[in-house]
Amino acid sequence: MRARPDRVMSMALDLGPPALAYVVAAVLLAGIVRGYSGFGFSALVMLSVSLVVAPARLLPVVLLLEIAASAYMIPAVVQAVDWRRLGLLLAGIAVSTPVGVHLLARLPEDAARVMVSALVLAAGGAIAAGLSVPDRGGRLLPVSTGLLAGGANGVAGVGGLVVVAMFLSTGAAVATTRATLVALLFATDVVAIGAAGWQGLVGWPTLLAFGVLVLPLFAGIAIGGRLFLGTTPDRFRRFVLGILLLLALAGIVRAAL
């Protein structure tokens, strides 16, 4: 006899039916954002679901869902990926992520959250002001962006927000921005889930929760992908700006409470 999904989730995350419905809805909505923009899923789920699930238990599930999201999206976006820039971004991220983790281990939690929120607000402000960064196809911009993103990723897992701000400031095509973010998140999340497994954070409850939540995730991505097909560069920019500001303000409010 097969276990009902709600009972599986109860075993995995120790939640009652109302909380389970809340988690599924949060994953669905975050999946729509991911399908449309190519980023934002982890930050939105961690902000919303950590209200009912301990972050240490939630993070491995979110990482698995992020990997599944990228694997689901990559076949449709692979031709639009800027592979050269992706490699340079990953080089910078690989160098600075340990620095961010080091800061996370030593900074008070609220101080780290405010610092990252300020960074996200600055990125949102740059996009709102229409900041244009000269891009001559060299290595300096993507590597330096990767260094900054890696630090932000190590502190609070928001490196993708830094990268999307760079793409929008250079005037890159929205399809290229979205596709390269999908590939970038796949690479970084595979490394992150490996680290989580090494620390003993991935077990059967993690896999059970993933098995249930991957369905609303894929449904959300499908909806978001359809919405992206009809988007314009200006609409995409406004949407990304709204997500950046929402996440930054949520982080500041959470630190203040």
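Our subject in this report is the structure included herewith. (Residues numbered from 1 in each chain as written. Predicted model: local features only at pLDDT ≥ 70, side-chain atom pairs only at ≥ 80, totals over all residues. Heavy atoms only, no water.)

Attention now moves to the overall build of the chain. Helix and strand content of the chain: eleven helices and zero strands. Scanning the chain from its N terminus toward the C terminus, one meets helices and strands in the order α-α-α-α-α-α-α-α-α-α-α. Taken over 257 residues, the chain has a buried fraction of 47%. Sequence-distant contacts, at least 24 apart, represent 83% of the contacts inside the chain between residues at least 6 apart. Surface accessibility of the chain: about 12400 Å² in total, with carbon and sulfur atoms responsible for 70%. (Helix = DSSP H or I, 4+ residues; strand = E, 2+ residues; numbered from the N terminus. Buried < 20%, exposed > 50% of the residue type's maximum accessible area, 1.4 Å probe, protein only. Contact = heavy atoms within 4.5 Å. Areas by Shrake-Rupley, 256 points an atom, 1.4 Å probe, with all protein chains shown as cover.)

For Arg34, the location among the structural elements is in helix α2 (residues 17-37). Residue classification places Arg34 among the buried residues on the basis of a relative accessible area of 0%. Apart from the residues within four sequence positions on either side, Arg34 is in contact with Phe39, Phe41, Glu66, Ala69, Ser70, Met73, Val182 and Leu185.

On to the pattern of salt bridges, then. Tallied over the full model, the rule gives three salt bridges. A salt bridge links Asp234 to Arg238; its shortest N-O distance comes to 2.2 Å. Residue Asp234 and its partner Arg238 are both found in helix α11 (residues 233-256); the two are separated by four residues, about one turn of the helix. (Salt bridge = Lys/Arg side-chain N within 4 Å of Asp/Glu carboxyl O.)

Taken together, the side chains of Tyr22, Leu51 and Val52 present a nonpolar region at the surface, about 280 Å² in accessible area. The residue Leu51 is located in the loop between α3 (41-49) and α4 (55-77) in this model. The exposed category is assigned to Leu51, whose relative accessible area is 65%. (Patch = residues over 30% accessible without salt bridge, like charges linked within 9 Å, V, L, I, M, F, W, Y side chains within 5 Å.)

Turning next to the environment of Val162. Tracing the chain through its elements places Val162 in helix α8 (residues 159-169). For Val162 and Ala149, which are 13 residues apart along the polypeptide, the C-alpha to C-alpha distance reads 5.5 Å. Apart from residues lying up to four places away in sequence, Val162 is in contact with Leu119, Thr145, Leu148, Ala149 and Ala152.

Summed over the entire model, instances satisfying the criterion amount to five aromatic pairs. Residues Tyr72 and Phe218 carry aromatic rings whose centres are separated by 4.4 Å and whose planes lie at 15° to one another, so their mutual orientation is stacked. Here Phe218 lies in helix α10 (residues 204-229) and Tyr72 lies in helix α4, a separation of 146 residues in the sequence. A relative accessible area of 40% means that Tyr72 is categorised as partly exposed. Classification of Phe218 by relative accessible area gives partly exposed; the value is 26%. Each ring, one from Phe228 and one from Phe236, has its centre 6.1 Å from the other, and the planes form 80°; the classification is edge-to-face. For the pair Phe228 and Phe236, one class covers both residues: buried. An aromatic cluster of three or more residues is present, and its members are Tyr36, Phe228, Phe236 and Phe239. The ring of Phe228 carries Arg178 above its face, with NZ or CZ at 4.2 Å from the centroid. (Phe/Tyr/Trp six-rings, centres within 6.5 Å; stacked < 30°, edge-to-face > 60°. Lys NZ or Arg CZ within 6 Å of the ring centre and 35° of its normal.)

Right, let's talk about the packing of α2 against α10 for a bit. Running from N to C, α2 and α10 cross one another at 35°; their axes reach a closest spacing of 6 Å. Once α2 is placed against α10, the crossing between them reads as right-handed. Note on element contacts: α10 touches α2 through Leu213, Pro216, Leu217, Ala219, Gly220, Ile221, Ile223, Gly224, Gly225, Leu227 and Phe228, opposite Val23, Val24, Val27, Leu28, Gly31, Ile32, Gly35 and Tyr36. Of the residues belonging to the contact of α2 with α10, the class tally is 14 nonpolar, five polar and no charged. (Axes fitted to C-alpha atoms, helices over the stretch in contact; angles between N-to-C directions. Left-handed = near helix turned anticlockwise from the far one by under 90°. Nonpolar A, V, L, I, M, F, W, Y, C, P; charged D, E, K, R; others polar.)

Our next topic: the environment of Ala122. Tracing the chain through its elements places Ala122 in helix α6 (residues 109-128). With relative accessibility at 48%, the residue Ala122 sits in the partly exposed group. Ala122 sits 126 residues away from Ala248 along the chain, and the two C-alpha atoms are 9.3 Å apart.

For the rest of this paragraph, the subject is the side chain of Thr177. In this fold, Thr177 is placed in helix α9 (residues 174-198). Look at Thr177 and you get buried, because its relative accessible area is 0%. Discounting chain neighbours no more than four positions away, the residues touching Thr177 are Val164, Phe167, Ala172 and Phe236.

A word on α3. What sets the pattern is the α-helix's 3.6 residues per turn: residues three or four places apart point alike. Counting buried residues in α3 gives eight out of nine residues, a clear majority hidden from the surface. Looking only at α3, the buried set comprises Phe41, Ser42, Ala43, Leu44, Val45, Met46, Ser48 and Val49.

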